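Spelled out, the chains give:
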Amino acid sequence: MKSLQASHNPLSNSFIQLEVLNTGDETISSLPKFSEKLRALGLFPLKPLNINTLQINVGKMCNQTCKHCHVDAGPDRKEIMTRETMQQCLDILASTSIQTVDLTGGAPEMNPDFRWFVEEISKLGRKIIVRCNLTIIVANKKYNDLPEFFKTHRVEVISSLPYYSSHKTDAQRGEGVFNDSLKALQLLNAAGYGVEGSGLILNLVYNPSGAFLPPPQGSLESDFKRELKLRFNIFFNELFAITNLPVSRFLDYLMVSGNYDGYMEKLVNSFNPEAAQNVMCRSMISIGWDGYLYDCDFNQMLDLKINHGLPDHIKNFNTEQLNQREIVINQHCYGCTAGAGSSCGGEIV
Ligand code: SF4
Ligand code: SF4
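Reading the values: the criteria
Counting of residues starts from 1 at the beginning of each chain's written sequence and follows it residue by residue. Naming scheme: in the order in which they are written, chains are lettered from A and ligands are numbered from 1. In keeping with the model being predicted, local features are shown solely for residues with a pLDDT of at least 70 and side-chain atom pairs are shown and tallied solely at 80 or more, while totals for entire chains, interfaces and linings include all residues. Calculated side-chain values reflect all of the structure's heavy atoms, with hydrogen atoms and water omitted. Helix and strand definitions follow DSSP, with helices as H or I runs of at least four residues and strands as E runs of at least two, each counted in order from the N terminus. Only C-alpha atoms enter the radius of gyration, while the globule expectation follows 2.2 Å times N to the 0.38, with N the number of residues. Here, residues are in contact when the closest pair of their heavy atoms is within 4.5 Å. By the counting rule applied here, Lys and Arg register as positive and Asp and Glu as negative, while His and the ends of each chain are not counted. A charge is said to be at NZ when it belongs to Lys, at CZ for Arg, at CG for Asp and at CD for Glu. Pairing between strands is defined by DSSP: at least two bridges between the two strands are required. We call a residue near a given molecule or strand whenever any one of its heavy atoms falls within 4 Å of it. Residue polarity follows a fixed list, in which Ala, Val, Leu, Ile, Met, Phe, Trp, Tyr, Cys and Pro are nonpolar, Asp, Glu, Lys and Arg are charged, and the others, Gly among them, are polar. To qualify as a nonpolar core, a set must consist of buried Ala, Val, Leu, Ile, Met, Phe, Trp, Tyr and Cys residues joined through side-chain atoms within 4.5 Å. Classification of residues uses two cut-offs on accessible area relative to the type maximum, computed with a 1.4 Å probe and protein chains only: under 20% is buried, over 50% is exposed, and between them is partly exposed. Polar contacts here mean pairs of N or O atoms no more than 3.5 Å apart (in protein, one a potential hydrogen donor and the other a potential acceptor; neighbouring residues in sequence count only if both atoms are side-chain atoms). Working definition: a ring pair exists when centres of Phe, Tyr or Trp rings (six-membered ring for Trp) sit within 6.5 Å. Plane angles under 30 degrees give stacked, over 60 give edge-to-face, the rest tilted. We call a charge positioned over a ring when the NZ of a Lys or the CZ of an Arg lies within 6 Å of the ring centre and within 35 degrees of the ring normal. Angles shown run from 0 to 180 degrees and are taken between the N-to-C directions of axes, each axis being a line fitted to C-alpha atoms and, for helices, limited to the stretch in contact. By definition in this entry, angles of less than 35 degrees are roughly parallel, angles greater than 145 are roughly antiparallel, angles of 65 to 115 are roughly perpendicular, and the rest are oblique. Crossings are classed by handedness, with left-handed meaning an anticlockwise turn of the near helix from the far one by less than a right angle and right-handed meaning a clockwise turn.

1. Observations regarding the overall build of the chain
For step 1, the next point in the chain: Scanning the chain for helices and strands turns up 17 helices and 8 strands.
For step 2, the next point in the chain: Taking 349 residues into account, the globule formula puts the C-alpha radius of gyration at 20 Å, and the chain, at 20 Å, falls close to it.
For step 3, the next point in the chain: Its C-alpha atoms give the chain principal-axis dimensions of roughly 55 × 45 × 35 Å.
For step 4, the next point in the chain: Long-range pairs, those at least 24 residues apart, make up 73% of the contacts in the chain between residues at least 6 apart in sequence.
For step 5, the next point in the chain: In the chain, 32 positive and 37 negative side-chain charges are present, and the distance between their average locations comes to 3 Å.

Structure follows, in structure tokens:
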């Protein structure tokens, strides 16, 4: 078997990712194709069920540089959604019945038009989710009031917290992230987030720190709830366990550490047909910072746009055509169907 580490620069870019996934390497090519797995279930080509969510990436700028980040986000990223593109998203919302808007980044709050965008979506009466990395709330005074801003617009907050101790959290997300995350969680709790009866939803995300699948979501949630309450008097609603997909920085890690083959085998061997029925791309459209359309956030990072001749930009959004589309899949999709499955909302089954 030829060495992947020797033949590819693992610290390069997403072009490498597709090259690796399509390589002639015998170990990798011996893995069954994801499309064949779907075909055996009568699910190929993979088609949408409906579009109930727009997941919008408002920019790749972030105050953190987490090791597992599939966006390759960081303070030096300049890609930012303009107000004009946001307005195009609002026009689509106003003319469709899409009920949920899921705002992501980078740190979405760093987009200078973030608050205006949330206010405008709120006026349309849609459910708003913000993927908040927590530390942004305490990173700078101008963000300290975010919990109150979120509360005003009944935003649902989803935040990563790899573990309830500093060691594992800081190892994955950077020095000092755990303590800053606790401060942010306490501010969110003080605003009513995660507090029973408040109706203000604060969900946490767990993702593994290495080349393994997440433990069962239910038991992990119980552990997090117990320990965060006991140690820090912190509350939250649900914990989502998310599998790391072999994309971007996590793919780099797999390559550098020699774990790529083993991890892919693990994903393939854990293929769950029930999870395959309900992968998140069947009910959402992902929109990039520049307005291009994708089947999901991972395809966005791999630059796999909506395909098969359909208009692939927000300015040409056509719900009817998009509901008929064939979803673009590749070997990275095994990350969504392993074990209990994985989506932006955690386990699928
Ligand atoms: S994982 Fe989230 S918080 Fe971490 S660098 Fe990526 S976008 Fe930023
Ligand atoms: S990676 Fe994207 S396209 Fe592939 S199964 Fe998951 S959600 Fe669907």
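Right, picking up where we left off after that structure.
2. Observations regarding the environment of Thr337
For step 1, the next point in the chain: Inspection of the secondary structure assignment puts Thr337 in helix α17 (residues 334-337).
For step 2, the next point in the chain: Expressed as a C-alpha distance, the spacing of Thr337 and Phe271, which sit 66 residues apart in the sequence, is 5.4 Å.
For step 3, the next point in the chain: Filtering out sequence-adjacent residues up to four positions away, Thr337 remains in contact with Phe34, Ser270, Phe271, Asn272, Ala275, Ala276 and Val279.

3. Some details on the sheet that holds strand β6 (residues 239-241)
For step 1, the next point in the chain: If you walk across this open sheet you meet the 8 strands as β6-β5-β4-β3-β2-β1-β7-β8, and the pairing is mixed. Among the strands making up the open sheet, the edge pair consists of β6 and β8 (293-294).
For step 2, the next point in the chain: Relative to strand β5 (residues 202-206), strand β4 (residues 156-160) is paired through 4 bridges, and the arrangement is parallel. Bridging across to β5, Ile158 finds its partner in Asn203.

4. Side note on the site of ligand 2
For step 1, the next point in the chain: Taken together, the residues surrounding ligand 2 are Leu245, Val279, Met280, Cys281, Cys296, Asn299, Ile327, Val328, His332, Cys333 and Cys336.
For step 2, the next point in the chain: Grouping the amino acids of the shell around ligand 2 by side-chain chemistry returns 9 nonpolar, 2 polar and no charged.

5. What about the nonpolar core?
For step 1, the next point in the chain: In this structure, Ile56, Leu103, Phe117 and Phe150 are the most contacted members of the largest nonpolar core, which totals 102 residues.
For step 2, the next point in the chain: Setting aside its immediate chain neighbours within four residues, Ile56 contacts Met81, Cys89, Val101, Asp102, Leu103, Thr104, Phe117 and Ile287.
For step 3, the next point in the chain: Residues Ile129, Ile158, Val205 and Ile242 belong to the second largest nonpolar core, which totals 5 residues.

6. With respect to the site of ligand 1
For step 1, the next point in the chain: With respect to spatial proximity, the complete set of residues near ligand 1 consists of Cys62, Gln64, Thr65, Cys66, His68, Cys69, Ala73, Gly106, Asn133 and Arg173.
For step 2, the next point in the chain: Residue composition of the shell around ligand 1, by class: 4 nonpolar, 5 polar and 1 charged.

7. A closer look at helix α6 (residues 114-123)
For step 1, the next point in the chain: Of the residues making up α6, those classed as buried are Phe114, Trp116, Phe117, Val118, Glu120 and Ile121.
For step 2, the next point in the chain: Here the buried face of α6 lies against β1 (53-57), α5 (83-95), β2 (100-104), β3 (127-131) and α8 (146-152).
For step 3, the next point in the chain: Immediately downstream of α6, the backbone of Gly125 shows phi near 75 degrees, a positive value.

8. A word on the side chain of Ser286
For step 1, the next point in the chain: Positionally, Ser286 belongs in strand β7 (residues 284-287).
For step 2, the next point in the chain: Within the structure, the side chain of Ser286 is placed 2.7 Å from the side chain of Gln300, a separation counted as a polar contact.
For step 3, the next point in the chain: Apart from the residues within four sequence positions on either side, Ser286 is in contact with Gln55, Tyr292, Leu293, Tyr294, Asp295, Cys296, Asp297 and Gln300.

9. Things to note about the pairing of β4
Two faces belong to every sheet, and in a regular strand the side chains alternate between them.
For step 1, the next point in the chain: Most of β4 is tucked away, with 5 of its 5 residues classed as buried.
For step 2, the next point in the chain: Where β3 meets β4, 3 bridges bridge the pair, whose relative direction is parallel. In the strand pairing of β4, Arg131 is matched with Ile158.

10. Digging into the packing of aromatic side chains
For step 1, the next point in the chain: Inspection of the entire model under this criterion finds 12 aromatic pairs.
For step 2, the next point in the chain: A centroid spacing of 6.3 Å and a plane angle of 55 degrees characterise the contact between Phe149 and Phe150, whose relative ring orientation is tilted.
For step 3, the next point in the chain: Residue class for Phe149 comes out buried when judged on its relative accessible area of 9%.
For step 4, the next point in the chain: On the basis of relative accessibility, which here comes to 0%, the residue Phe150 falls in the buried class.
For step 5, the next point in the chain: Considering the side-chain rings of Tyr206 and Phe224, the 6.3 Å spacing of their centres and the 80 degrees angle between planes classify their relative orientation as edge-to-face. With Tyr206 in strand β5 and Phe224 in helix α11 (residues 217-232), the pair connects residues that are 18 residues apart, well separated along the chain. Exposure class is identical for Tyr206 and Phe224. Each is buried.
For step 6, the next point in the chain: Cluster of aromatic residues (ring-pair linked, three or more members): Tyr163, Tyr164, Tyr206 and Phe224.
For step 7, the next point in the chain: Across the ring face of Trp116, the terminal group of Arg83 is positioned such that the distance to the ring centre comes to 4.3 Å.
For step 8, the next point in the chain: The ring centre of Phe149 lies 5.0 Å from the NZ or CZ of Arg115, which sits over that ring.

11. Some details on the packing of α5 against α6
For step 1, the next point in the chain: Between α5 and α6, the shortest axis-to-axis distance is 11 Å and the interhelical angle comes to 10 degrees. Considered as vectors, α5 and α6 are oriented roughly parallel to each other. Our pair here, α5 against α6, has a crossing hand that is right-handed. Between α5 and α6, the residues in contact are Arg83, Met86, Gln87, Cys89, Leu90 and Leu93 and Phe114, Trp116, Phe117, Glu120 and Ile121, respectively.

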